[in-house]
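Chains, contacts and geometry: an overview
In case you want the letters, here they are:
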Amino acid sequence: MTTRQQWLPDEAATLVLGAELAAALRPGSVVLLRGDLGAGKTTLVRGLLRAMGHTGPVRSPTYALVESYRLGGCDLHHFDLYRMGDPEELEAIGLRDYFDGEAICLIEWPERAGAMLPTATHEVALQVVDQGRQASITVC
Amino acid sequence: MRILAIETSCDETACAVYDPGVGLLAHALFSQIDLHAEYGGVVPELASRDHVRRLLPLVRKVLRESDTPRPDAVAYTAGPGLAGALLVGASTGQALAWGWGVPAVAVHHMEGHLLAPMLESPAPDYPFMALLVSGGHTQLVEVAAPGRYRLLGESLDDAAGEAFDKTAKLLGLGYPGGPAVAQLAQQGRDGVFRFPRPMTDRPGLDFSFSGLKTAVLHAVKSHADDAQTRADIALAFEQAVVETLAIKCRRALEQSGLRRLVVAGGVSANRRLREQLAQLDADLFYPRLEFCTDNAAMIAVAGALRLQAGERAGPQIAVRARWPLAEL
C-alpha cells in the first residue's frame, strides 16, 4: 500500500487528479472517496468520467444513491452513501448486485456502509484547506 | 375503473387507489402506517428503503380504506430509479395483477410528477410548462399534451433541493434543509453576502447548483461563526437559488410561448420562490405538497392515462433504472 499527498489549489487541479486516477483504473476497481461536504469528491469524479470519454452531465448521486455509466464497454457506478442510516439499508436496495467484480465502483461516504463494501483498490481523501484542497491518494 | 398504484423507486414505499372517473380513493406512504396494527402486535425492525417488507401492509391498507376487494388494474413505477427498489414494486404489481386476472401497466416516475397537478382542482389545461424542483430533480419540462413531454433543461450536477439540504448541513441546521434554511434566512440582512446565479449569464435552460454549495462553504469558513452571519449566508443562498430558478422559468415561458406554469417538488413550498414566480406572466399551479414529493397517487394518474391509451405491461418483469423521458 502506498500513499502520497497532493495539493490541489483549485477546481481545475481536482479535475486533473480525477483524470490521472482514471488512467489507473481497471474493470473491478473500487475507489473510496472521503471528505466533507464541498471537499470536491463529485468534482473529482467529473474529471475522472470526462477523461474516460463521458460527455454528458455528472449528476450528484446523493438523492438517487447511485448513478451508473457505461464507458468503453465497462460499467461504472458512482455511489453516494451520505443518506444511508444503517448498512442494512444497502442490502435492502440491492447494493451488493453492483459489486460484480467487473464494474468500476466509485464510492462517496464509504464509512456509511459498514462491512458491506468490497475491498478497495484505491482511496482518495480530500480536505478543504483555505481555498484549496489537500488530497491524500492511496493505492491499496 | 379502480387502479391500484405502487411506487418504490427510491426512498418511499407508497400505494394508492384511484378511479379516473371519481378521483383519489386512498393513498399512503409507508411512514404513515401503523405497524402495530398491520403486524398484529409484533412490530418488526424495518430498515429504511426495505420495500420488500413495507409494501404488502401498505397495499392492504389502501385496499381496505378504499373498500376495494379487487382493483381493475395495477400500475407500478418501472423507472427511473434504483433497480433493486424498482424490482420490488414491479414484481409485486405484476404478481398481484396476475393473481387478480387484471392488467398491469408500467409507469415512468417523472411522468407521474408531471401529471400530479391533475389531482388538483382546478387542474391546468394543456399545454403547460413544468418546473420540477426537489432534492432529486431540477428540471424544466414542456408538457404539450398527456404523454408528450420535452425536457428543456435540467441540473447538470446537484438538484436545487439537494443544495438546500447541503447548505443546511454547512450552516449547522437540521434535515430537511429547505425549511430550516428558509427560516434562518428570515433573520438575514440583505446584501451582506452575494452568491452567483449559476448559468444565468448564458443562454439555455440547464442548471448547476454544485458551485453554489462551494461558495457557501467558503463563506462559512472565512467569516465569523455567529448566528447573524449564518442568517446572512442563508438569505444570500436562498436568494441565489430562487432567482436562478425564476430566471430560467421566465426564459422557458418566453421561449415556448406558454402561459401556464406548474411548479412541483419539495422546493415548490419555498415562500420566496412562490413570491418571485408570482411576478411571472403566467398562471401558476402548485400540486399540494404531499403530491409534490414521491407518492403513488401520481403513479395512478399516469397509469390511468397509459391504460386508457391501451398500454399493458407484458408478462416479463422489467424495470429501467435509467429511462430518459424522451423515450416515453
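Some thoughts on the sheet that holds strand 3 (residues 23-29) of chain B
Residue and element names in this part refer to chain B. Across the sheet, 5 strands lie side by side as 3-2-1-4-5; this open sheet has mixed pairing. Two strands close off the open sheet at either side, each with one partner strand: strand 3 and strand 5 (104-108). Across the sheet, the axes of successive neighbouring strands diverge by a mean angle of 20°, strand direction being ignored. Judged from the 5 bridges that link them, strand 1 (residues 3-7) and strand 2 (residues 14-19) form a sheet pairing that is antiparallel. Within strand 2, the position partnered with glutamate 7 by the bridge is alanine 14. Along the sheet, helix 2 (residues 51-65) makes contact with strand 1, strand 2 and strand 3, crossing strand 2 at roughly 25°. Running at roughly 160° to strand 4 (residues 73-79), helix 3 (residues 83-100) makes contact with strand 1, strand 4 and strand 5 of the sheet.

A few points about unusual backbone geometry
Following glycine 79 of chain B, the chain continues into proline 80 of chain B via a peptide bond in cis, with omega recorded as -10°. On the secondary structure map, proline 80 of chain B appears in the loop between strand 4 and helix 3. Cis rather than trans, the peptide bond between tyrosine 126 of chain B and proline 127 of chain B has omega equal to -5°. Relative to the assigned elements, proline 127 of chain B resides in the loop between helix 4 (109-115) and strand 6 (128-133). One non-glycine residue, leucine 65 of chain A, lies in positive phi territory at about 75°. By secondary structure assignment, the location of leucine 65 of chain A is in the loop between helix 2 (41-51) and strand 3 (66-71). Of the residues examined, leucine 65 of chain A reaches a relative accessible area of 2% and is grouped as buried. Its identity as a non-glycine residue notwithstanding, aspartate 67 of chain B has a phi of 55°, on the positive side. Along the chain, aspartate 67 of chain B turns up in the loop between helix 2 and strand 4. Note on aspartate 67 of chain B: relative accessible area 64%, which makes it exposed.

A short note on the domain arrangement of chain B
All names here are of chain B. Each domain of chain B was delimited in the assignment, giving domain 1 (3-115 + 291-327) and domain 2 (126-286). The straight-line distance from the C-alpha centre of domain 1 to that of domain 2 is 30 Å. The partner domain 2 presents 15 residues to the 11 residues of domain 1 that form the contact. Buried surface at the junction of domain 1 and domain 2, both sides included, amounts to about 1000 Å², of which 74% is carbon and sulfur. The largest per-residue losses of area from domain 1 upon contact with domain 2 belong to Met110, Leu114 and Cys292, which jointly make up 51% of the total buried on that side. Linking domain 1 with domain 2 are 0 salt bridges, by the criterion used here. Within the residue set of the side of domain 1 that touches domain 2, elements represented by two or more residues are helix 4 and helix 10 (297-308). Of the residues forming the side of domain 1 that touches domain 2, the biggest block, 6 residues, is contributed by helix 4. A class-by-class count of the residues in the side of domain 1 that touches domain 2 yields 6 nonpolar, 3 polar and 2 charged.

Rules and cut-offs
- Residues numbered from 1 in each chain as written.
- Chains lettered and ligands numbered in written order.
- Predicted model: local features only at pLDDT ≥ 70, side-chain atom pairs only at ≥ 80, totals over all residues.
- Heavy atoms only, no water.
- Pairing = 2+ DSSP bridges.
- Helix = DSSP H or I, 4+ residues; strand = E, 2+ residues; numbered from the N terminus.
- Axes fitted to C-alpha atoms, helices over the stretch in contact; angles between N-to-C directions.
- Contact = heavy atoms within 4.5 Å.
- Buried < 20%, exposed > 50% of the residue type's maximum accessible area, 1.4 Å probe, protein only.
- Domains from an automatic or database assignment.
- Buried area = accessible area lost by both parts, 1.4 Å probe.
- Salt bridge = Lys/Arg side-chain N within 4 Å of Asp/Glu carboxyl O.
- Nonpolar A, V, L, I, M, F, W, Y, C, P; charged D, E, K, R; others polar.

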